[in-house]
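Residue-level listing of the chains:
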Number of protein chains: 2
Amino acid sequence: MSDVSAGDARRPARPGGGRRVTMRDVADAAGVSQPLVSIVMRDVPGASPESRAHVLQVAARLGYRRDERARMLKQGRSRLVGIVFHAAQPFHGQLIDELQLAARAAGYNVSLAAVTKRRGEADAIEALLGERVEGLVLLGASLDEPQLNRIADEVPVVTVASQYSSERFDSVSMDDARGTELAVQHLHQRGHSRILYLGAPGVSGDEVRTATFLEAAAEAGIGDEIAIVAGGASEAAGAEAIADALQRYPDTTAVIAFNDRSAQGVVAQARLLGKRVPEDLAVVGFDNSEQAELPYLQLTSLAQDPAQLASAAVEMVVGRVDANAEGEVPRIGEHRILPTELVVRSSSGGSGNSVERSR
Amino acid sequence: MSDVSAGDARRPARPGGGRRVTMRDVADAAGVSQPLVSIVMRDVPGASPESRAHVLQVAARLGYRRDERARMLKQGRSRLVGIVFHAAQPFHGQLIDELQLAARAAGYNVSLAAVTKRRGEADAIEALLGERVEGLVLLGASLDEPQLNRIADEVPVVTVASQYSSERFDSVSMDDARGTELAVQHLHQRGHSRILYLGAPGVSGDEVRTATFLEAAAEAGIGDEIAIVAGGASEAAGAEAIADALQRYPDTTAVIAFNDRSAQGVVAQARLLGKRVPEDLAVVGFDNSEQAELPYLQLTSLAQDPAQLASAAVEMVVGRVDANAEGEVPRIGEHRILPTELVVRSSSGGSGNSVERSR
DNA sequence: TTGAAAGCGCTAACAC
DNA sequence: GTGTTAGCGCTTTCAA
């Protein structure tokens, strides 16, 4: 079919759709050349004030909006950082907020891809690569190192809050070892010796925390009073695990949970079983997320500052992107570990808020 | 084999960056024309098995990946549905999962934009429009109707879980009125008359629920025993509000909370104050989110099926997109209300799980 | 200050 | 079956 008179549409009326307005349309309507419209729209010097005003007015009247895809295509680069996050993790929401800010400050935009129950990490990454992101920030990555290495061949990668030691990509995470140490010391100082570590086997960070837990306990001289149980990284997992653990280790007086979510499960379940927190059971979590501050939780937690994680991640990934752009030799993987603080709240017996620093 | 650039052929010659491989590169390396590569990569008929195999092999060796932006540009459409979500709302995570699935089934991809503390809805929408999404699904939208109307002039819009009655865009939401009615009836049947509605002023859905709450209570003959307090849509807001409300209305025996998050705050705070749930205080929430199922909550809740919301939303937005594509006359806004179920769990005294249907 | 021409990476129409 | 040509909407030379 040859739609003959389609080109005659001087003013494309688009009641909710139809053909979009292009620079060509604006140029024609304003009686100037199309590149001049480009100059005006990009707000760069090269157009007289009169033209500028006129073009802007016409553009507004026509409802013109720049096509980012075309712009990226022509520019040869996207200035886009891809972010892979887990839709079910509220903490990732905080990270996204910070990452967007940091990226914008570095002159980049972000493109998001969510990992959900039915959409894996590899899939999300593929989608972003197809959009030609120039770098990738992976939140809570769980792919193995060889897989990530392969991706890092295409585009700079930095993982956040996961532990890797690859030479081909970077990572930022909190100081899990020091954090665990702080937690144990804190509880020990408050008289606890029957401490339980409620881990999340298979989740990144758990191995280090488990190992350090054992060391720190041994160092405190309570190595044979502690226990380790397998839980998970969710409220439900924490609740289930603690219910079980309190039967196996009924004289437990303190719990270090894998994250704030599982800690919340621990607190709720413990209370349901008639235990008071912290009098009967002291609880410490990881992340110092927003929920740690909930009035009925007041959870002592190891702070993982989202702003710091985000700015480090952006700095590293953008650094690699820029280095590539200038043809520099690829550096080796950098695995940055950020200092942790123990934020003491009432769930471990603290009164009000005090903060102890790690290093 | 006869590659000009040195280095090992197995790994792509772009150590984490550099110029990307294009179809031109593949074509040259394979000794065929570039459009033929396109035919092969799109997996459409028109190439001999031999060429196909050869091209695929060369593409793999070079690490070729199709540029989606260029493809969209050329095709004149993006087949992209934009999704605006709130990074801090776990329920949106569930919706994203379902939306991605539904969109893919309809032949569309999704592009995400997060609303965060520091990035408003309007901003997120702008970003998606710049990417040339063909339709917009807004989760928990809070812009006013005129603003949304303006956006709906550019692209079909459907809001999810917000109440609007515009003629220019669509919406899907649960049956708030019927849900509230069910909640009141449920509690009344169980002997409660001093029922509290803990609302979230300003959040969409609250008005209808408040009004229906009054009506349903009046109808049940308990109109002067109930109370309404202002809370919010978060755990903290629920906890704060209930602590306050229990002082002002100490003989309250049941609470209907604005959503599961605030209900969780209510339960936790009530327990902290020595109340048992449901014996001393029955609690009902809205959303039937994943947290409603937590073992220590077992929250009775009004189900808002994410899969149903998502498929309705996608159907509506894609319907408009297709209608536009075929130059049909714009229909008037459709505001679909999905049936609600009350899922009874132990927080309201239910034993196990039973389900009562609405309508 | 403005316009003409070229081309980013891809798909679509048509010729061979 | 394969190559040639054209052009999506934009930015970027380079001339005028």
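In what follows, the structure referred to is the one given above.
Residues numbered from 1 in each chain as written. Chains lettered and ligands numbered in written order. Predicted model: local features only at pLDDT ≥ 70, side-chain atom pairs only at ≥ 80, totals over all residues. Heavy atoms only, no water.

Colleague: Account for the protein's contact with DNA strand C, with residues named and values stated.
Modeller: The local shell around DNA strand C holds 24 residues, among which Ser51(A), Lys74(A), Met23(B), Gln34(B) and Tyr64(B) are the closest. At 2.7 Å, a backbone N or O of Ser48(A) approaches a phosphate oxygen of DNA strand C. Here Asp67(B) contributes a backbone N or O atom positioned 3.1 Å from a phosphate oxygen of DNA strand C. Of all elements in the fold, only helix H2 (34-42) and helix H4 (68-75) of chain A together with helix H2 (34-42) and helix H4 (68-75) of chain B reach the threshold of two or more residues within the surface near DNA strand C. Residue classes in the surface near DNA strand C are distributed as nine nonpolar, eight polar and seven charged. (Near = heavy atom within 4 Å. Polar contact = N/O pair within 3.5 Å; in protein donor to acceptor, adjacent residues only side chain to side chain. Helix = DSSP H or I, 4+ residues; strand = E, 2+ residues; numbered from the N terminus. Nonpolar A, V, L, I, M, F, W, Y, C, P; charged D, E, K, R; others polar.)

Colleague: Describe the protein's contact with DNA strand D, naming the residues involved and giving the relevant values.
Modeller: Around DNA strand D lies a shell of 24 residues, among which Met23(A), Gln34(A), Tyr64(A), Ser51(B) and Lys74(B) are the nearest. Within 4 Å of the protein, the atoms of DNA strand D are drawn from sugar and phosphate moieties in a proportion of 61%. The backbone of Met23(A) places a nitrogen or oxygen atom 2.6 Å from a phosphate oxygen of DNA strand D. Tyr64(A) is positioned with one of its side-chain polar atoms (N or O) 2.5 Å from a phosphate oxygen of DNA strand D. Listing elements by their share of the surface near DNA strand D, those giving two or more residues are H2 and H4 of chain A together with H2 and H4 of chain B. Residues belonging to the surface near DNA strand D are distributed by class as follows: nine nonpolar, eight polar and seven charged.

Colleague: How would you summarise the relation of the copies chain A and chain B if you had to cite specific residues and measurements?
Modeller: You can overlay chain A on chain B at an RMSD of 0.1 Å; the transform is a turn of 180° with a shift of 0.0 Å along its axis. On this basis, the relationship between the two copies can be described by a two-fold rotation axis. A share of 98% of the interface residues of chain A reappears at the interface of chain B, consistent with the copies meeting face to face through the same patch. (Least-squares fit on C-alpha atoms with pLDDT ≥ 70 in both. Contact = heavy atoms within 4.5 Å.)

Colleague: Lay out helix H7 (residues 145-152) of chain A with the relevant residues and their values.
Modeller: All names here are of chain A. All buried positions along H7 are accounted for by Leu148, Asn149, Ile151 and Ala152. For H7, the angular spread of buried residues about the axis comes to 160°, placing them on one side. Buried-residue contacts for H7 involve helix H6 (121-130), strand E3 (135-139) and strand E4 (157-160). (Buried < 20%, exposed > 50% of the residue type's maximum accessible area, 1.4 Å probe, protein only. Arc of directions from axis to C-beta.)

Colleague: Any chance you could break down the interface of chain A and chain B for me, citing the residues and the numbers?
Modeller: How large an interface is tends to be reported as the accessible area lost when its parts come together. On the chain B side, the residues contacting the 62 residues of chain A number 62 residues. Surface buried jointly by chain A and chain B totals about 5400 Å² across both partners, of which 50% is contributed by carbon and sulfur atoms. When the buried surface of chain A facing chain B is broken down by residue, Arg65(A), Arg69(A) and Arg132(A) rank first, second and third, together holding 16% of it. Remark: the boundary between chain A and chain B carries 14 salt bridges. We note a salt bridge from Arg65(A) to Glu126(B), for which the minimum N-O separation is 2.5 Å. Where chain A meets chain B, there are 18 residue pairs in polar contact (both at pLDDT 80 or more). Elements represented by at least two residues in the side of chain A that touches chain B include exactly H4, helix H5 (90-105), strand E2 (109-115), H6, helix H10 (235-248) and helix H11 (260-272) of chain A. (Buried area = accessible area lost by both parts, 1.4 Å probe. Salt bridge = Lys/Arg side-chain N within 4 Å of Asp/Glu carboxyl O.)

Colleague: Describe the packing of aromatic side chains, naming the residues involved and giving the relevant values.
Modeller: In this structure the tally under the stated criterion is five aromatic pairs over all chains. Considering the side-chain rings of Phe85(A) and Phe85(B), the 5.8 Å spacing of their centres and the 5° angle between planes classify their relative orientation as stacked. One end of the pair, Phe85(A), is in strand E1 (residues 80-86); the other, Phe85(B), is in strand E1 (residues 80-86), on a second chain. Assessed through its relative accessible area of 3%, Phe85(A) is described here as buried. On the numbers, 5.6 Å between centres and 35° between planes, the contact of Tyr197(B) with Phe213(B) is tilted. You can see Tyr197(B) sitting in strand E6 (residues 195-199) and its partner Phe213(B) sitting in helix H9 (residues 206-219), a full 16 residues away along the chain. For the pair formed by Tyr197(B) and Phe213(B), the shared burial category is buried. Arg79(A) extends its terminal NZ or CZ atom over the ring of Tyr108(A), reaching a point 4.6 Å from the ring centre. The positively charged end of Arg209(B) is found above the aromatic ring belonging to Phe286(B), 3.9 Å away from the centroid. (Phe/Tyr/Trp six-rings, centres within 6.5 Å; stacked < 30°, edge-to-face > 60°. Lys NZ or Arg CZ within 6 Å of the ring centre and 35° of its normal.)

Honestly, that's just the spatial picture; any functional story needs more than this.
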